[in-house]
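Each chain, letter by letter, is given below.
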Amino acid sequence: MSTTVETASERSAAEVNEEIRALWLRSGGTLSVEQREEYQRLVLEWAAAAPEPPKAA
């Protein structure tokens with residue numbers, strides 16, 4: 001598990017998503033306070049790394 005905060009330019013949304021999935025698997029579906037904090041950090045990192053959706057015409 002990563003303990004450092006990495007910027008969106010360092011990891012792709014797919015890489016962050018894999019870490020989110022691994023966190024949920026390790027937790028057994030229930031996050032502790034520490035895991036919830038990690039999850040929130042990862043979701044913010046994922047959102048920053050995710051590509052912008054195409055604009056509707």
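Residues numbered from 1 in each chain as written. Predicted model: local features only at pLDDT ≥ 70, side-chain atom pairs only at ≥ 80, totals over all residues. Heavy atoms only, no water.

**Side note on helix 1 (residues 13-27)**
Here is step 1 of the chain: Taking 1.5 Å per residue, 15 residues should reach 21 Å; helix 1 reaches 21 Å between its end C-alpha atoms and fits that length.
Here is step 2 of the chain: Regarding helix 1, the residues found buried are A13, V16, E19, I20, L23 and S27. Down the axis of helix 1, the smallest arc covering the buried residues is 125 degrees, so these residues share one side. In helix 1, those exposed residues whose orientation departs by more than 90 degrees from the buried face are A14 and L25. (Helix = DSSP H or I, 4+ residues; strand = E, 2+ residues; numbered from the N terminus. Expected span 1.5 Å × (residues − 1). Buried < 20%, exposed > 50% of the residue type's maximum accessible area, 1.4 Å probe, protein only. Arc of directions from axis to C-beta.)

**Digging into the pattern of salt bridges**
Here is step 1 of the chain: Overall, the coordinates contain 4 salt bridges when judged by the stated rule.
Here is step 2 of the chain: Between R11 and E19 there is a salt bridge; the shortest N-O distance is 2.5 Å.
Here is step 3 of the chain: When the shortest N-O distance is used, the salt bridge between E45 and R11 registers 2.9 Å. Placement of E45 in helix 2 (residues 33-49) and of R11 in the segment before helix 1 is noted, with a sequence separation of 34 residues between them. The burial state of E45 is the same as that of R11; both residues are buried.
Here is step 4 of the chain: Bridged by salt links that share partners, the residues R11, E19, E38, R41 and E45 form one connected network. (Salt bridge = Lys/Arg side-chain N within 4 Å of Asp/Glu carboxyl O.)

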